[in-house]
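Here's the letter readout for the chains.
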Amino acid sequence: MSKIEIKTREQILHMRRAGLVVADIHRALREATREGVRARELDAVCADVIARAGAHSNFLNYYGYPATVCISINDVVVHGIPGNQILHDGDIVTFDCGAWISAQGKQWHGDAAFSMIVGDPWVSDEEFAANRGAGALGPIVTASTHEGNALLQRRRQLDALTRESLWAALASLATSRRLSCVGAAVENVVADRAEEFGWEAGIIEEFTGHGIGTAMHQAPEVLNYRARGISPKLQPGMVLAVEPMLTTGSIDTITESDEWTVRSIDGSDAAQWEHTVAILDDGISILTATDSGVAGLAPYGIEPVILDA
C-alpha cells in the first residue's frame, strides 16, 4: 500500500489556492449551463477559468483524457467526455474537474465535482444547509421551473441525496478516528432517505475517493461504503478528495469504447458530489469550497478552519 502524503500547513495553503480555482470553475459552469448548450462549450468555459487563473488542468491529457472537465449526463456515472452532446431541460449533469498550481517546485492539486438539474434554479450551500438543518429535503427537490413528473422528481432527489451524503461524510471526518467514517456516513444517509423517498439509491463501489496533494490521485482510497478491515487512521496533514457517487438503480457499470465514459448498466441516472478536504491540528477545512465549508457543515455543528490562501 502506498504511503499517505502528509502535508504541512504551508503546503495545504498552496492546495487551498488550487481549490479556489476549482471553486471558480464550478461557478462559471453553473452560470453557463442551460438548455441547448453543448458539452464542449462548457469544457471551453472550464479551460478559460483555468487559464485566467494562471493554473493548469489536472484532467487534460491525464492518461490521455481529452478535456479539462468530465461532463456526465443522466446515466453516465463518471468520466463523460464533453463533445457535441446538447443539454436539455431536466437532464441531471455532473461536472467533475480540477486544477493545480505550482509552488515550492511541486504541483498542488484541487479536485471537486457537483451535479445539477438543467433548468432548475441553483440551490446554494446556504439554502441547502438550511433545509438539511430543518431535517427535510422537500423544498429542495420540488422547486423547479419544470412541470413535475416522476423522472424529474427522482433526479432531484438523487441530486439532493448525493449532496447530503457528501456533507455528512465531510462532517464525519471532523469527529472520527478512522477513514471508514466516510463510507458509514454515506450509507447512513442513503438508508435514512430511502424511507422518505420510497426508493433506495445504489452506492457505486467501483469508483472511490482518494488522497490528493502533489498528484491528483494518491493514497489512501476513500470508500463510499462500509467495508471489513481496519481503515487508515485520520491524522493532521492528510488531504482527501471525498466523492460519493449514487444511482437510482444498479451499481453495476459498463465502460464505452472510448475507454472513459462509464454508464450505469441498467440506464439508471447517476450523480456525484465531491470536495477536497484537509485535516488539520485544529479541525477540517474544505479547500474547494469558497467559504471553507462553513455553510455545508453548519447542520452538523462543525465549524471549519478558515484558510486564507
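Analysis parameters
- Residues numbered from 1 in each chain as written.
- Predicted model: local features only at pLDDT ≥ 70, side-chain atom pairs only at ≥ 80, totals over all residues.
- Heavy atoms only, no water.
- Helix = DSSP H or I, 4+ residues; strand = E, 2+ residues; numbered from the N terminus.
- Rg over C-alpha atoms; globule rule 2.2 N^0.38 Å.
- Contact = heavy atoms within 4.5 Å.
- Areas by Shrake-Rupley, 256 points an atom, 1.4 Å probe, with all protein chains shown as cover.
- Lys, Arg positive; Asp, Glu negative; His and termini not counted.
- Charge placed at Lys NZ, Arg CZ, Asp CG, Glu CD.
- Pairing = 2+ DSSP bridges.
- Axes fitted to C-alpha atoms, helices over the stretch in contact; angles between N-to-C directions.
- Phe/Tyr/Trp six-rings, centres within 6.5 Å; stacked < 30°, edge-to-face > 60°.
- Buried < 20%, exposed > 50% of the residue type's maximum accessible area, 1.4 Å probe, protein only.
- Lys NZ or Arg CZ within 6 Å of the ring centre and 35° of its normal.
- pLDDT = per-residue confidence, 0-100.
- Polar contact = N/O pair within 3.5 Å; in protein donor to acceptor, adjacent residues only side chain to side chain.
- Expected span 1.5 Å × (residues − 1).

Moving on: the overall build of the chain. Helices and strands together make up the secondary structure of the chain, namely seven helices and 15 strands. For the chain, whose C-alpha radius of gyration is 18 Å, the value lies close to the compact-globule estimate of 19 Å for 309 residues. Across its three principal axes, the chain shows a C-alpha extent of roughly 50 × 40 × 35 Å. Long-range pairs, those at least 24 residues apart, make up 69% of the contacts in the chain between residues at least 6 apart in sequence. Of the roughly 12,800 Å² of accessible surface on the chain, a fraction of 48% belongs to carbon and sulfur atoms. In the chain, 24 side chains carry a positive charge and 41 a negative one; their mean positions are 5 Å apart.

Pairing is antiparallel across the open sheet formed by five strands, whose spatial order is 8-7-9-14-15. The sheet is open, and its two borders are formed by strand 8 (218–222) and strand 15 (283–286), each paired with just one other strand. This sheet shows a mean twist of 25° between the axes of neighbouring strands, independent of strand direction. Here strand 14 (residues 275–280) pairs with strand 15 via four bridges, running antiparallel. Its bridge partner being in strand 15, Ala-278 is matched across the sheet by Ser-285. Across the face of the sheet, helix 1 (residues 9–32) comes into contact with strand 9 (239–242), strand 14 and strand 15 while running at roughly 165° to strand 14.

Overall, the coordinates contain seven aromatic pairs when judged by the stated rule. With a centroid separation of 5.7 Å and an interplanar angle of 85°, the aromatic rings of Phe-114 and Trp-122 are classed as edge-to-face. The class of Trp-122 is partly exposed, set by a relative accessible area of 33%. Taken together through their ring pairs, the aromatic side chains of Phe-95, Phe-114, Trp-122 and Trp-273 make up a single cluster. Arg-30 extends its terminal NZ or CZ atom over the ring of Phe-114, reaching a point 5.7 Å from the ring centre.

Another aspect to go through is the confidence of the model for the chain. For the chain, mean pLDDT is 94; residues scoring 70 or higher make up 94% of the total. The low-confidence segment residues 138–147, where pLDDT is below 50, has 29 contacts with residues more than four positions distant or belonging to other chains.

So, about unusual backbone geometry. Omega for the peptide link from Ala-219 to Pro-220 comes to 5°, which places this bond in the cis form. Note that Pro-220 resides in strand 8. In this structure, Gln-104 is a non-glycine residue whose phi angle is positive, near 55°. Along the polypeptide, Gln-104 turns up in the loop between strand 4 (92–103) and strand 5 (106–117).

This part covers the environment of Ala-32. Within the element layout of this structure, Ala-32 appears in helix 1. Sequence separation of Ala-32 and Thr-162 is 130 residues, and the distance between their C-alpha atoms is 22 Å. In contact with Ala-32, other than residues within four places in its own chain, are Val-37, Leu-42 and Val-45.

This paragraph deals with the environment of Asn-149. Among the secondary structure elements, Asn-149 is positioned in the loop between helix 4 (138–142) and helix 5 (150–172). For the pair Asn-149 and Ala-112, spaced 37 residues apart in the sequence, the C-alpha separation amounts to 30 Å. Of the polar contacts made by the side chain of Asn-149, one reaches the backbone nitrogen of Leu-152; its length is 2.7 Å.

Glancing now at helix 5. Owing to its 3.6 residues per turn, the α-helix aligns residues three or four sequence positions apart on the same side. Spanning 23 residues, helix 5 covers 32 Å between terminal C-alpha atoms, matching the ideal 33 Å at 1.5 Å per step. Among the 23 residues in helix 5, 19 count as buried, and that is most of the element. The N-cap of helix 5, judged by a side-chain oxygen 3.2 Å from the amide nitrogen of Leu-151 a few residues on, is Asn-149.

Most of strand 5 is tucked away, with 10 of its 12 residues classed as buried. Here strand 4 runs beside strand 5; their pairing, made up of 12 bridges, is antiparallel. Within strand 5, the residue paired with Thr-94 across the bridge is Ser-115. A loop of two residues connects strand 4 with strand 5, the two strands running antiparallel in sequence, and Gln-104 in this loop sits at a positive phi of about 55°.

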